[in-house]
Amino acid sequence: AIRRRNKHPDLKIEELVLGEKSNTSVAMIYIEKNAPGELVDYIRTKINRIDSDYLIIANQIEEELKCKGTPFDTIGYSERPDIIAAKLGEGRVAIIVDGTPFVIYAPFFFIENFHAPDDYTMNKFIANASRLFRWASFAISALLPGIYIALFTYHFSLVPYIFVFRLAESRVGVPFPMVVELTIMLAFFQVLREAGIRLPQPIGSTLSIVGALILGDVSVQSGLSSHITVFVVALTSISSLLLPRISIAIFLWSIVIVIFSGFLGLPGFYMGFIIFCSHLASLTSCGYPFLYPLGTLKTFRYKDISFRGDLNRINDHIFRGDDVR
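Description of the structure in this document. (Residues numbered from 1 in each chain as written. Predicted model: local features only at pLDDT ≥ 70, side-chain atom pairs only at ≥ 80, totals over all residues. Heavy atoms only, no water.)

### Quick notes on the overall build of the protein
Operational definition: Runs of E in the DSSP output that reach at least two residues are strands. Runs of H or I that reach at least four are helices, and both are numbered from the N terminus. Residue burial is assigned from relative accessible area. The probe radius is 1.4 Å, only protein chains are included, and a residue is buried under 20% of its type maximum, exposed over 50%, and partly exposed in between. Contact between two residues is taken to exist if any of their heavy atoms lie within 4.5 Å; hydrogens are not considered. To be clear on the numbers: accessible area is Shrake-Rupley with a 1.4 Å probe, and residue cover counts the displayed protein chains and nothing else.
The number of helices and strands found in the protein is 13 helices and seven strands. The buried share of the protein, reckoned over its 325 residues, is 47%. Expressed as a percentage of contacts within the protein between residues at least 6 apart in sequence, the contacts between residues at least 24 apart total 68%. For the protein, the accessible area works out to roughly 16,900 Å², and carbon and sulfur atoms hold 63% of it.

Here's what the structure looks like:
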């Protein structure tokens, strides 16, 4: 299927056999004149270093290639041949493992989490509006809980007094500090979401809707949480659904920012946000910056970052390794 969509004469397919006992067939695919030679050599070396009796799924190769110590995926994957063919045209390297329904590719960059295949089949302005919503949802899901804790715990003067009075009224009888209250509610909603994913589709969707309604109502009626906290948690959880690939990573980092905000207020929120940004900036994908092309915008003039340009101009783009080294 990939060969049918990308008939480039320099398309190379290297076949490898991994697993001393499983003898699993692995194919490394790239376009010779597009993919940087250093990237191909790096991935080939990493794959050959895998010493395992059984190689069953592509995730075993992914763990060898991905950046360690982060909840963010630094290796991409897809089940669609058209997407993989497009990535090969950009100079990426794809890896197919026999028996695995999806293909992994590298390098993978953070900004690709905000791109969707439908962006290239719909009107450009509608696609850009959708991307804008995804960026806004990322900011809400990652930063809103921390801002809420910092403002309503330490900096009342920055909040309109009517909100402060409403919050004080709704928190009457809540036995937990605001940080603990928010963390518990975020955990509850995360449990509901996981249950909805693991259960069969008809039951999972019903459980998610009914469970969220019952959980929010009962938690307020029982005094476990306030109305505003339920609203903040619901808005945070819904916003994270627009970015399913990094929703868990956003949830974990939002908890970290909430803890910093709970201890130090707005200075703690700023510290948590800076640490979060520093963490993203420190990540690499097969030797390339995870935040590319944000750091090389002037030299490379990438045409498909936050907003989608004309398709003809985007198709002229070829990923070059020297631009991000």
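### With respect to the pairing of strand β2 (residues 24-31)
Our working definition: In this scheme, strands are said to pair when DSSP sees at least two bridges between them.
For β2, the tally of buried residues reaches seven of eight residues, placing the bulk of the element in the interior. In terms of strand pairing, strand β1 (residues 11-18) meets β2 through eight bridges, oriented antiparallel. Across the sheet, residue L18 finds its bridge partner in β2, namely T24. In textbook terms, the turn of a hairpin is the stretch between consecutive antiparallel strands, and for β1 and β2 this stretch comprises five residues, one of which, G19, has a positive phi near 90 degrees. Pairing of β2 with strand β4 (residues 93-97) involves four bridges; the strand directions are antiparallel.

### Notes on the sheet that holds strand β3 (residues 76-78)
Note the threshold: What counts as an axis is a line fitted to C-alpha atoms, over the stretch in contact for a helix, and the angles between N-to-C directions run from 0 to 180 degrees.
Strand order in the open sheet formed by five strands is β1-β2-β4-β5-β3, and the pairing between neighbours is antiparallel. Of all the strands in the sheet, just β1 and β3 have a single pairing partner and so form its edges. Averaged over all adjacent pairs, the angle separating strand axes in this sheet is 25 degrees, with direction ignored. Each of β1, β2, β3, β4 and β5 (103-106) touches helix α4 (residues 81-89); the most contacted strand, β2, lies at about 50 degrees to it.

### Remarks on the pattern of salt bridges
Put simply, the rule reads: We define a salt bridge as a side-chain nitrogen of Lys or Arg found within 4 Å of a carboxyl oxygen belonging to Asp or Glu.
Scanning the model with the defined rule gives eight salt bridges in all. With a closest N to O distance of 3.7 Å, K12 and E32 form a salt bridge. Highlighted residues: K12 in strand β1 and E32 in the loop between β2 and α2 (37-48), separated in sequence by 20 residues. Classification of K12 as partly exposed rests on a relative accessible area of 33%. You can call E32 partly exposed: its relative accessible area is 46%. Connected via shared salt-bridge partners are K87, E90, R92 and E112.

### As for the side chain of T74
In this fold, T74 is placed in the loop between α3 (59-65) and β3. Judged by its relative accessible area of 0%, T74 falls in the buried class.

### Remarks on the pairing of β4
Strand residues, when the strand is regular, have side chains that alternate between the two faces of the sheet. Of all the five residues making up β4, four are buried; the element is thus mostly covered by neighbouring parts of the structure. In this sheet, β5 lies alongside β4 in antiparallel orientation, the contact comprising three bridges. Of the residues in β5, the one forming a bridge with I95 is I104. The turn linking β4 back onto β5 is made up of five residues, and G99 within it adopts a positive phi angle of 95 degrees.

### Some points on the packing of helix α10 (residues 247-264) against helix α11 (residues 266-282)
Threshold: Should an angle fall under 35 degrees it is taken as roughly parallel, and over 145 as roughly antiparallel, whereas 65 to 115 is taken as roughly perpendicular and any remaining angle as oblique. Crossings are assigned a handedness: left-handed for a near helix turned anticlockwise from the far helix by less than a right angle, right-handed for a clockwise turn. Polarity classes work like this: nonpolar for Ala, Val, Leu, Ile, Met, Phe, Trp, Tyr, Cys and Pro, charged for Asp, Glu, Lys and Arg, and polar for all others, with Gly in that last group.
In the contact formed by α10 and α11, the axes pass within 6 Å of each other and the chain directions differ by 150 degrees. On the basis of their axis angle, the class for α10 and α11 is roughly antiparallel. Every pair of crossing elements has a handedness; the one defined by α10 and α11 is right-handed. Along its contact with α10, which presents W253, I257, F260, S261 and L264, the element α11 presents L266, P267, G268, F269, M271, G272, F273, I275, F276 and H279. Among the residues forming the contact of α10 with α11, the class breakdown is 11 nonpolar, four polar and no charged.

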